[in-house]
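As a plain string of letters, each chain reads:
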Amino acid sequence: MTTELTVLAWGCVLALVHVFAAALVKTAQYGAKWNAGPRDETLAPPTVLVARLARAQANFFETFPVLIAAVLIVQLAGLANASTGWGAILWLVARIAYLPVYALGIPGLRSLIFLVSIAGLLMMLAPALV
């Protein structure tokens, strides 16, 4: 299996980590009864951590489809090479780092990590664009 496909598989695992991290802290705030119920009631404002993890999850799911598309493009077009592999790894490492940095609220670093992940995506897409 290529590096890009391996990163895609780990990206799926990371997607689940995002979903469950956000769900766990939200359930901790609002309770298991809320989680198992229809969730129709008006809720108190989320805690800082609940809000941060929800935003981190949303941000992940803004870039994950681009990774999926990039992997499909390089695989189907036979464009996978060392640069696309390193781009995929760069995206994955940055996205792994993004979640705790966002949760901790470290100013500036979150944005830098996001830009690194975008650079990884661009490295993957470059062969298809030239």
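The following paragraphs examine the structure supplied in this document.

1. Concerning the overall build of the protein chain
Each helix and strand in the protein chain was counted, giving five helices and zero strands. The helix and strand sequence of the protein chain, counted from the amino end, reads α-α-α-α-α. If one aligns the C-alpha atoms of the protein chain with their principal axes, the spans along those axes are about 50 × 30 × 20 Å. Burial statistics for the protein chain: of 130 residues in total, 33% are counted as buried. For the protein chain, the accessible area works out to roughly 7,200 Å², and carbon and sulfur atoms hold 74% of it. Treating the 7 positive side-chain charges of the protein chain as one cloud and the 4 negative ones as another, the clouds have centres 9 Å apart.

2. Here's the deal with the packing of helix 3 (residues 48–76) against helix 4 (residues 82–104)
Running from N to C, helix 3 and helix 4 cross one another at 175°; their axes reach a closest spacing of 9 Å. Between helix 3 and helix 4, the angle falls in the class roughly antiparallel. Contact with helix 3, carried on its side by Leu49, Arg52, Leu53, Arg55, Ala56, Asn59, Phe60, Thr63, Phe64, Leu67 and Val74, involves Thr84, Trp91, Arg95, Tyr98, Leu99, Tyr102, Ala103 and Leu104 of helix 4 and no other residues of that element. For the contact of helix 3 with helix 4, the per-class residue count stands at 13 nonpolar, three polar and three charged.

3. Structural notes on the packing of helix 1 (residues 3–30) against helix 3
Direction vectors running N to C along helix 1 and helix 3 enclose 165°, while the axes themselves pass 9 Å from each other. By the angle class used here, helix 1 and helix 3 are roughly antiparallel. Like other packed secondary-structure pairs, helix 1 and helix 3 cross with a definite hand, here left-handed. Within the contact of helix 1 with helix 3, the residues separate by chemical class into 22 nonpolar, five polar and two charged.

4. Focus on the environment of Leu43
With respect to the helices and strands, Leu43 occurs in the loop between helix 2 (32–36) and helix 3. The class for Leu43 is partly exposed, based on a relative accessible area of 32%. Linking Leu43 and Ala56, residues 13 residues apart in sequence, is a C-alpha distance of 20 Å. In this view, Leu43 contacts Tyr30 and Trp34; residues no more than four positions away in its chain are not counted.

5. Quick word on helix 3
The terminal C-alpha atoms of helix 3, which comprises 29 residues, lie 42 Å apart, in line with the 42 Å expected from a rise of 1.5 Å per residue. Looking at helix 3, one finds that the buried residues are Val50, Ala51, Leu53, Ala56, Asn59, Phe60, Thr63, Phe64, Leu67, Ala70, Val71 and Val74. On its buried side, helix 3 packs onto helix 1, helix 4 and helix 5 (109–129). Phi turns positive one or two residues past the end of helix 3, at Gly78, with a value near 65°.

6. Focus on the environment of Pro45
Along the polypeptide, Pro45 turns up in the loop between helix 2 and helix 3. Residues within four places of Pro45 in sequence aside, it is in contact with Gln29 and Tyr30.

Definitions and cut-offs
- Residues numbered from 1 in each chain as written.
- Predicted model: local features only at pLDDT ≥ 70, side-chain atom pairs only at ≥ 80, totals over all residues.
- Heavy atoms only, no water.
- Helix = DSSP H or I, 4+ residues; strand = E, 2+ residues; numbered from the N terminus.
- Buried < 20%, exposed > 50% of the residue type's maximum accessible area, 1.4 Å probe, protein only.
- Areas by Shrake-Rupley, 256 points an atom, 1.4 Å probe, with all protein chains shown as cover.
- Lys, Arg positive; Asp, Glu negative; His and termini not counted.
- Charge placed at Lys NZ, Arg CZ, Asp CG, Glu CD.
- Axes fitted to C-alpha atoms, helices over the stretch in contact; angles between N-to-C directions.
- Parallel < 35°, antiparallel > 145°, perpendicular 65-115°, else oblique.
- Contact = heavy atoms within 4.5 Å.
- Nonpolar A, V, L, I, M, F, W, Y, C, P; charged D, E, K, R; others polar.
- Left-handed = near helix turned anticlockwise from the far one by under 90°.
- Expected span 1.5 Å × (residues − 1).

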